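Structure at a glance
Listed below are the residues making up each chain.
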Amino acid sequence: MKKQMLMVALAFAMSAHVVTAQPEKVAAVQTDKAAIVQLKPSVAQTQAALWASRVLARYHYKAMPLDDAMSAKIFDAYFKALDSEKLYFTQADIDGFAPVRNKLDDAINNEDLTVPFQIYNVYQQRFFDRMAYARELLKGKFDFNTDETLQIDREKAAWAKNEDEAKDLWRKRVKNDWLRLKLAGKDDKSIRETLDKRYEGYQSRLKKLNNEDVFQMFMNAYAMAIEPHTNYLGPRSAENFDIAMRLSLDGIGAVLQSREDYTVIREVVPGGPADKSGKLKVGDRIVGVAQGNGPFTDVMGWRIDDVVQLVRGERNSTVRLDVLPADVGQDGKHTTISLVRQKISMEEQSAKKKIIEVTDNGVKRRIGVIQLPTFYQDFEARRKGDKDFKSATRDVKRILGELKKEKVDNVLIDLRNNGGGSLIEAVELTGLFIDKGPVVQQRSAEGRVEVESDKDAGLAWDGPMGVLINRGSASASEIFAAAIQDYGRGIIIGEPSFGKGTVQTLINLDRFSQDDKLKYGELKMTIAQFFRINGGTTQLRGVTPDIKFPVTSDDDNFGEQSYENALPWVQIKPATYMPAGDLKELFNPLQKKHDARVAKDRDFLDIEQDIAEALKLRKDNVISLNEAVRRKERESQEAKARLRESRLAGKDNPDEPVSGPGSKEQRGKVPSPTSPKKTNVVLKGAAGADDGLQGDERSLTAELAAEKAAKNAKDVYLQEAAHILADEAGMLKADTRMASRAMPYLSMLKQNSN
């Protein structure tokens, strides 16, 4: 089977890092007190763009020529990447670049990327102009008694016609930022200080972008203009992609975060060199890094990915850190910490288990839950024959063995927000629950169909099972869920999945370089479409659950249907396969039990109410800037939150788990400052009151405490899914004839074992 990847845009929550390069100075434009460095492309980038275009035009599943029509698509996608909310450019800027709208193909073919960089440099100037105006507004006062509103999402809005319109947009945005802090109880002085520091921080972050960032944005505009899941990856992006797949790296075992100009220890990984040393603590600030006995490099004000690159290194090598301890001030005494790099396993992203006990009418049933964040595999270790290579399937198989010993009645595979990963893992994981047979079909651009099958006889788990999905379940998750559904092997629970039915592969562009020093990066390119074994596809429509939960998002905002250039839904000939069972007669009684239960479940009803309110707010797409109106809304939300907290505090939770497992800055992305707070539906409990703060404006202690609270909050959907599988287990045990019809393979397995 080929080394192929399946991903959605949000998969792995992975930073889009690229190689660090010093910006090449063309000129410095003066804006207020800060000089803006004008960026220009490197020779390697112009060559990489040409080779990428040749590969995309010839080998992509949806191959499209690089011509004037494609140039127009790139033009629109590039401006969207730079200014998706239409806050910086004006219509006059867009009109000014209109003559090159159909000439970006020529720019790539002629190895002259001057125009894309000119567009970025204008964007950069506009960004600093807007931030300077925002900071100037802070010197005055706002009238919160007027009845004006702010548009929350401007992606589909028109560009500001001129500077006056642009300034009015920013006046409202700054006014909203001020009002949020005011409603949270801040006084005018602290509000001015907070916002001025915030806007200055946005300027600082933009200054750290360089020509590699601009190149990556432009190339991604080209790649995604063809199809949503095709991307350009710089060398560091490719490295981080591999780390996300193998769930390991060589380093010191510490999670780093940028806070102001410092690189801060956000988390110490248990068992890693930092943890074993006992010298590095959460909140410590790294101000310098040295390799072995070499000199220290001052990293104050550095981008986090550049610091990470220095801290990581070859296994068994030594790195020294100049550290300002968390408990001392800026002028406090530094300490030097020497650590030997080792292999660090990212266990947080590995498969984990818990057992939920469900009691109904005095009968207790144990549901084994396996949470799988991604379909990971260490391809290189497997290729080398390492018998202990990291694999999602291997980890799940081990956990299933443990759950058997713990005598669970049913097993739930939790794939919520699992954006995909390895195709091999999707096939082999399915094989743990079926005897053997086809799992997924792939169709190439030429129309050739290949069937990927599980060839290993036997089941790691032969009891009843279910799969929990949501809109964030994509790609490999959809292959697995669809196969389980088509085989009649388990019950699919949740909301319709993402709808990504395409296959990607990584193509190293360095093979085309004539100079080892010139690195071209990689393409993650769509090369095939996958189909269910029943002939359908998850493309656009996703996997439809058998037992449905409330839908938490709309198609226009999240999911494959939100992409204008997504591939269409089509159907091919089914593969030859034998269903393992037929669970359809269980669906109606299970749905009725579910409906009756949630109709009385206040927590579930609260979530449905939150979803309805969030969807309404998205649809209305405006918030008031009148203080009285906003204060009334806030008081209403706080009252509702207090009622919920009071109810939960006095409520027993018999279905809680009884056993279980022991910041990034993105490259190639522009800052997205001062956005109105968009409503996100939090399924594990209601969101806290808005404090008006962003990112590192909160203390690290408060941020970590909030994350811990959210992680430990009651997972209402998981609890209900466990109830559904407990109902199923009870029905199958009570009616042996139904069990034999639903899971006939069980009797066959018993006969074969005799």
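I will try to describe carefully the structure that is included in this document. Because the structure is a prediction, the values reported are computed rather than measured. (Residues numbered from 1 in each chain as written. Predicted model: local features only at pLDDT ≥ 70, side-chain atom pairs only at ≥ 80, totals over all residues. Heavy atoms only, no water.)

Turning next to the overall build of the protein. Looking only at helices and strands, the protein features 22 helices and 26 strands. Buried residues in the protein amount to 53% of all 754 residues. Carbon and sulfur atoms make up 50% of the accessible area of the protein, which totals about 34,000 Å². (Helix = DSSP H or I, 4+ residues; strand = E, 2+ residues; numbered from the N terminus. Buried < 20%, exposed > 50% of the residue type's maximum accessible area, 1.4 Å probe, protein only. Areas by Shrake-Rupley, 256 points an atom, 1.4 Å probe, with all protein chains shown as cover.)

Where helix 17 (residues 602-620) contacts helix 20 (residues 716-734), the axes come no closer than 10 Å and their chain directions differ by 130°. On the basis of their axis angle, the class for helix 17 and helix 20 is oblique. Handedness of the crossing formed by helix 17 with helix 20: left-handed. Residue-level contacts link Asp-603, Phe-604, Ile-607 and Ile-611 of helix 17 to Val-716, Tyr-717 and Glu-720 of helix 20. Taken together, the residues of the contact of helix 17 with helix 20 sort by class into 5 nonpolar, no polar and 2 charged. (Axes fitted to C-alpha atoms, helices over the stretch in contact; angles between N-to-C directions. Parallel < 35°, antiparallel > 145°, perpendicular 65-115°, else oblique. Left-handed = near helix turned anticlockwise from the far one by under 90°. Contact = heavy atoms within 4.5 Å. Nonpolar A, V, L, I, M, F, W, Y, C, P; charged D, E, K, R; others polar.)

This brings us to the packing of aromatic side chains. For the structure on display, the rule yields 25 aromatic pairs. With 5.7 Å between their ring centres and 45° between their planes, Tyr-88 and Trp-170 make a pair best called tilted. On the criterion of sequence distance, the pair formed by Tyr-88 in the loop between helix 2 (68-82) and helix 3 (91-97) and Trp-170 in helix 6 (residues 163-183) is long-range, its members being 82 residues apart. Between Phe-549 and Phe-604, the aromatic rings sit 5.7 Å apart at their centres with planes inclined by 80°, giving edge-to-face as the arrangement. (Phe/Tyr/Trp six-rings, centres within 6.5 Å; stacked < 30°, edge-to-face > 60°.)

Moving on, we come to the nonpolar core. Judged by nonpolar contacts, the single largest core of 66 residues is most densely connected at Ile-74, Tyr-78, Tyr-120 and Tyr-222. Membership of the second largest hydrophobic core comes to 45 residues, among which are Ile-413, Val-440, Trp-461 and Phe-530. (Core = buried A, V, L, I, M, F, W, Y, C linked by side-chain atoms within 4.5 Å.)

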